[in-house]
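Structural overview for review
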Amino acid sequence: MMNGRENAIKIFSAAVAAVQPAQLIPAHLFIEQGTLHIFDQQFLVNDLPNIYVVGAGKASAAMAKTVEEILGHLITAGIIVTKYGHGLPLQKIICREAAHPVPDENGVAAAAETIALLQQADENDIVICLISGGASSLWIDAPPPATLAEVQQTFELLLKSGATINEMNTVRKHLSAIKGGQLLQYASKAKWFSFIISDVPGDDLSTIASGPTVADDTTFSDTDAILKKYKLHGRLPTVIQQHISDGVKGVIEDTPKRGDETLKNSHNKIIGSNAIAMEAARVEAMELGFTIAHVNKNLVGDACTVGRELMSECVKYTGAKPACFLFGGETTVTVTGEGLGGRNQHLALSALSQLNVSEHSSNKITFLAAGTDGTDGPTDAAGAIADRQTILLAHENKINAQQYLERNDAYHFFEQTGSLLKTGATQTNVMDIVVVIIE
């Protein structure tokens, strides 16, 4: 008989398995009776033009591996960039690694290599673009005359501000010549097919990876408003502020909008999402004998507040047991301390504080919060588990959870209580999953 932790991990693992590229891509890219099928289009294998493969994101190496297994020698050339530790050996496609979430020189080099490859594509050639979460940092460039260091500083400020992923990517799109539909300009006559694994709430194509192959509805004025909202204007590098100011004035052209000529050959399809992972988690929980008490596919908001609210809801549960609550989405954290952690660890620590004050509850609760990509913030953990075992170890070792929460140091709290969840790189990325077991 598995305990609460083992069941929660099994349910989370089923969710991650369902959104592996090897599970997702073959339904949209396959060869049958001498015909190559890409989305709803067909090409005779004996009459194929050049096929170029490009991509970026935490899942891009596994996506490229699956594409190679399907297309093999039909690929002319390719290059993808993924996060350090997420790379895989590939045959025809070059695999680069770079930094995430704060970009580095390798990301700049990978973006330049991608552009150089795309510029080889002629009319009617095919570009297969593999996009997943993380690409906003992995395909990186700087608006002249800004330097990478100034872009890094801007990204770091955004990451700690509490801005949503939509807001962060609006800013990123307006500090780039590849994001927000601009990647298409480097192979404007080719046929583009973008396979997209979504890591944003609502699966908005223009937000995922900062929408490199789709129209951008946001503007420099939106960017300016976001920076004002989070009081970042006076803290940004001068050259970045000047760039945005020039964009607002119309000195710099904005990103491509709907109807732009460069978008006409671009076909985009979301092949993987948090909803697919959540459904797999639900099915697994039911097969393990749990009553599905609640499913919420729109988990957003401040991690500290959300953690307390979720645990409060679970503590009060009076229905059939054993039960399982499932939540999917992505919270945010406003970083004020100097500790180490990620949004899922912060969420779990906040939930633990609520569980601690509710010890009189008859419910035995296991609360797991983790990123489907296997990395939560700048740590080697996917997330954390909060349960009575965590509380007991914290009491025994005289560890004050509230102090760690205030320091944004959830990682070191859960490390000391043996409650970090470490999966390693999962080769996919569809936001976060919270699994709550009630016994």
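Please refer to the structure placed before this passage.
So, here's what we can say about the structure. For every chain, the first residue of the written sequence is number 1, and numbering continues from 1 along that sequence. Selection of residues for local features in this predicted model requires a pLDDT of at least 70, selection of side-chain atom pairs for listing and counting requires 80 or more, and totals for whole chains, interfaces and linings are taken over all residues. No hydrogens and no water enter the side-chain calculation; it runs on all heavy atoms of the structure.

Where helices and strands are cited, they refer to DSSP runs of H or I of at least four residues and of E of at least two residues respectively, numbered from the N terminus. Secondary structure summary: the chain contains 15 helices and 15 strands in total. Its C-alpha radius of gyration of 22 Å places the chain within 12% of the 22 Å reference for a compact globule of 439 residues. The principal-axis extent of the C-alpha atoms belonging to the chain is close to 70 × 60 × 35 Å. Looking at the chain as a whole, 58% of its 439 residues are labelled buried. Two residues qualify as a contact provided that any one of their heavy atoms is within 4.5 Å of a heavy atom in the partner residue. When contacts within the chain are restricted to residue pairs at least 6 apart in sequence, long-range pairs at least 24 apart make up 79% of them. In this description, accessible areas are obtained by the Shrake-Rupley approach with a 1.4 Å probe, and a residue is regarded as covered only by the protein chains that are shown. Element-wise, carbon and sulfur atoms account for 50% of the exposed surface of the chain, whose accessible area totals about 17400 Å². Charge counting treats Lys and Arg as positive and Asp and Glu as negative, with His and both chain ends excluded. Think of each charge as sitting on NZ of Lys, CZ of Arg, CG of Asp or CD of Glu. Averaging the positions of the 33 positive and the 48 negative side-chain charges in the chain gives two centres separated by 4 Å. Using C-alpha atoms as the atom set, the radius of gyration is obtained and then compared with a globule rule of 2.2 Å times the number of residues to the power 0.38. Think of it in three bands: with a 1.4 Å probe and only protein chains considered, a residue is buried below 20% of the maximum accessible area for its type, exposed above 50%, and partly exposed in between.

Here we take up the sheet that holds strand β3 (residues 41–44). Each pair of strands is called paired provided DSSP finds at least two bridges between the two strands. Overall, antiparallel pairing links the three strands, which are arranged β1-β2-β3 in an open sheet. Because the sheet does not close on itself, it has two edges, and the strands there are β1 (29–32) and β3. If you compare each strand with its neighbour and ignore which way they point, the axes differ by 25° on average. In the sheet, strand β2 (residues 35–38) pairs with β3 via four bridges, with the strands oriented antiparallel. Under this scheme, a helix contributes an axis fitted over its contacting stretch, all axes are lines through C-alpha atoms, and angles between N-to-C directions fall in the 0 to 180 degree range.

Attention now moves to the side chain of N7. Note that N7 resides in helix α1 (residues 4–18). The exposure class of N7 is buried, given its relative accessible area of 7%. Residues within four places of N7 in sequence aside, it is in contact with M2, L288, F290 and I437.

So, about unusual backbone geometry. In this structure, P145 follows P144 across a cis peptide bond, with omega equal to 5°. Structurally, P145 is set in the loop between α5 (135–138) and α6 (148–159). Cis rather than trans, the peptide bond between K321 and P322 has omega equal to 0°. Positive phi outside glycine occurs at K398, with the angle close to 55°. Topologically, K398 is positioned in the loop between α13 (388–396) and α14 (401–406).

A 1.4 Å probe that fits but cannot get out identifies a cavity on a 1 Å grid over protein atoms alone, an open set with protein on both sides within 12 Å along at least five of seven lines counts as a pocket, and a residue lines either if it has an atom within 4 Å of a point. Grid points are joined across faces, edges and corners, and a volume is the space filled by probe spheres set on the points. Taken as a whole, the second largest pocket holds about 320 Å³ of empty space. Forming the walls of the second largest pocket are 20 residues, and the residues nearest its centre are S176, Q182, E253, D254 and T255. Classifying every residue of the lining of the second largest pocket by side-chain character gives seven nonpolar, eight polar and five charged. Think of it as three bins: nonpolar holds Ala, Val, Leu, Ile, Met, Phe, Trp, Tyr, Cys and Pro, charged holds Asp, Glu, Lys and Arg, and polar takes everything else, Gly as well.

One fewer than the residue count of a helix, multiplied by 1.5 Å, yields its expected span. Between its first and last C-alpha, helix α9 (residues 238–249) extends 16 Å over twelve residues, near the 16 Å set by a 1.5 Å rise per residue. All of the buried residues in α9 are I240, H243, I244, D246 and G247. Here the buried residues of α9 occupy an arc of 160° about the axis, which is enough to place them on one side. Seen from the open side of α9, the exposed residues pointing more than 90 degrees away from its buried face are T238 and K249. Of the surrounding secondary structure, the elements contacted by the buried residues of α9 are α6 and α8 (220–229). Immediately downstream of α9, the backbone of G250 shows phi near 90°, a positive value. The arc refers to the directions leading from the helix axis to the C-beta atoms.

What follows deals with the sheet that holds strand β8 (residues 191–197). Across a sheet, paired strands are connected by hydrogen bonds in the backbone, their directions being either parallel or antiparallel. Strands sit in the order β6-β5-β4-β7-β8-β9 across an open sheet of six strands; the sheet is parallel. The outermost strands of the open sheet, each flanked by one partner alone, are β6 (93–98) and β9 (266–272). Averaged over neighbouring strand pairs, the angle between their axes works out to 15° when direction is ignored. Its contacts with the sheet place helix α4 (residues 105–118) against β4 (51–56), β5 (77–83), β6, β7 (126–131) and β8, and it is angled at close to 160° to β5.

Between Lys or Arg on one side and Asp or Glu on the other, a salt bridge is scored when a side-chain nitrogen of the former is within 4 Å of a carboxyl oxygen of the latter. Per the stated rule, a full pass over the model turns up 17 salt bridges. A salt bridge links K257 to D254; its shortest N-O distance comes to 3.4 Å. Looking at D254, the relative accessible area reads 26%, which means it is partly exposed. The partner of D432 in a salt bridge is R343, and the shortest N-O contact between them spans 2.6 Å. Of this pair, D432 sits in strand β15 (residues 432–438) while R343 sits in helix α12 (residues 343–357), placing them 89 residues apart in sequence. The class for D432 is buried, based on a relative accessible area of 3%. One continuous salt-bridge network, built from bridges that share partners, spans K173, D216, D254 and K257.

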